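Architecture at a glance
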Amino acid sequence: MARYEKSERGLLAEICQKYPIIGDKGYGGDIFKKKKVAWQKIASEFNSSTPGRAPRTEEQIRGLWKRLKISTKEKIDAMRSEARKTGGGPSSNLNLDPEEEIVSGMLGSSVDPLPMDHDNDAVGFQEGQILVEMVEEAVPEMVVEDVPPENERRSAPVPQKNKQSLYDERLLQIAEKEHLQKMQMAAEKHELEMQILQLEKKIKIKILEQMQM
């Protein structure tokens, strides 16, 4: 895991503050694209602001932002827990750093209020937030394409099949052809057998007629 100085944490918080779209919980294709563009700009601005250090990848910067959010939430929870112990008064031992103040402002209602342990709804809220964070980290990496209008979809070129698909399709055609041939041979055989039975029947009738004369 890459190590970051405190100045880098503060720098990232200040840059991310310019791009509130990264905190959007929506899942539409347009939002995904905006988030992806935002992270590309954040990474570029972050690296250009630290010329004396090795450039960080977009994945590393995303990871730092995620850890910043987690640590900020944990500190806020600890501060509120301490406040409850002191009867609602402020904690003298814990305070948010400047970058944590920025993160807290961007998180907004996701860290307020602090749920009680016995509050089932609050527990569900926490679990939901964790799930949202997981999806937020994973889904923006997907390539989301715009859905073309219906008239364009009708005229869109049919994607070319790969060699394996063509091979499988050819095998299916051969199997179908062989099945049809077998069916035709079975039908012809059945017809021939019926003709033989009819002929044998006529011969028997002819023999019986001659015996009766």
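Residues numbered from 1 in each chain as written. Predicted model: local features only at pLDDT ≥ 70, side-chain atom pairs only at ≥ 80, totals over all residues. Heavy atoms only, no water.

The chain has the name Regulatory protein zeste in an unreviewed UniProt entry, where Gryllus longicercus is given as its organism. Entered under Subunit (unreviewed entry) in the UniProt record, the comment concerning the chain runs "Self-associates forming complexes of several hundred monomers." What the UniProt record of the chain gives under Function (unreviewed entry) is the line "Involved in transvection phenomena (= synapsis-dependent gene expression), where the synaptic pairing of chromosomes carrying genes with which zeste interacts influences the expression of these genes. Zeste binds to DNA and stimulates transcription from a nearby promoter." (UniProt positions renumbered as here; feature names shortened; annotations may be inferred.)

Here we look at the environment of glutamate 82
Its location among the elements puts glutamate 82 in helix H3 (residues 58–85). Residues glutamate 82 and leucine 94, spaced twelve residues apart in sequence, show a C-alpha to C-alpha distance of 8.8 Å. (Helix = DSSP H or I, 4+ residues; strand = E, 2+ residues; numbered from the N terminus.)

Topic: helix H1 (residues 6–16)
Of all the residues in H1, the buried ones are Glu8, Gly10, Leu11, Leu12, Ala13, Ile15 and Cys16. On the buried face of H1, the contacting elements are helix H2 (29–48), H3 and helix H4 (98–107). (Buried < 20%, exposed > 50% of the residue type's maximum accessible area, 1.4 Å probe, protein only. Contact = heavy atoms within 4.5 Å.)

Notes on a nonpolar patch on the surface
Taken together, the side chains of Leu199, Ile203, Ile207, Leu208 and Met211 define a hydrophobic patch exposed on the protein surface, amounting to about 520 Å² of accessible area. Relative to the helices and strands, methionine 211 resides in helix H7 (residues 163–211). Given the relative accessible area of 64%, methionine 211 is considered exposed. (Patch = residues over 30% accessible without salt bridge, like charges linked within 9 Å, V, L, I, M, F, W, Y side chains within 5 Å. Areas by Shrake-Rupley, 256 points an atom, 1.4 Å probe, with all protein chains shown as cover. Salt bridge = Lys/Arg side-chain N within 4 Å of Asp/Glu carboxyl O.)

Concerning the pattern of salt bridges
Overall, the coordinates contain ten salt bridges when judged by the stated rule. Ionic contacts of the salt-bridge type, sharing partners, join the residues Lys6, Arg9, Lys75, Asp97, Glu99 and Glu100 into one network.

Examining the environment of glutamate 101
Tracing the sequence through the fold places glutamate 101 in helix H4. According to the relative accessible area criterion, glutamate 101 is partly exposed, its value standing at 45%. For the pair glutamate 101 and threonine 72, spaced 29 residues apart in the sequence, the C-alpha separation amounts to 8.3 Å.

Some details on the UniProt feature "coiled-coil region" (unreviewed entry) in the chain
Under the UniProt annotation, "coiled-coil region" (unreviewed entry) lies at residues 180–209. Structurally, residues 180–209 is divided into 100% helix and 0% strand, and its ends, taken at the C-alpha atoms, are 44 Å apart.

Describing the packing of H1 against H3
Between H1 and H3, the least distance of the axes is 10 Å, while the angle of their chain directions is 95 degrees. Between H1 and H3, the angle falls in the class roughly perpendicular. In contact with Glu8, Arg9, Leu12, Ala13 and Cys16 of H1, H3 contributes Ile61, Leu64, Trp65, Leu68 and Ser71. When the residues that make up the contact of H1 with H3 are grouped by side-chain class, the tally is seven nonpolar, one polar and two charged. (Axes fitted to C-alpha atoms, helices over the stretch in contact; angles between N-to-C directions. Parallel < 35°, antiparallel > 145°, perpendicular 65-115°, else oblique. Nonpolar A, V, L, I, M, F, W, Y, C, P; charged D, E, K, R; others polar.)

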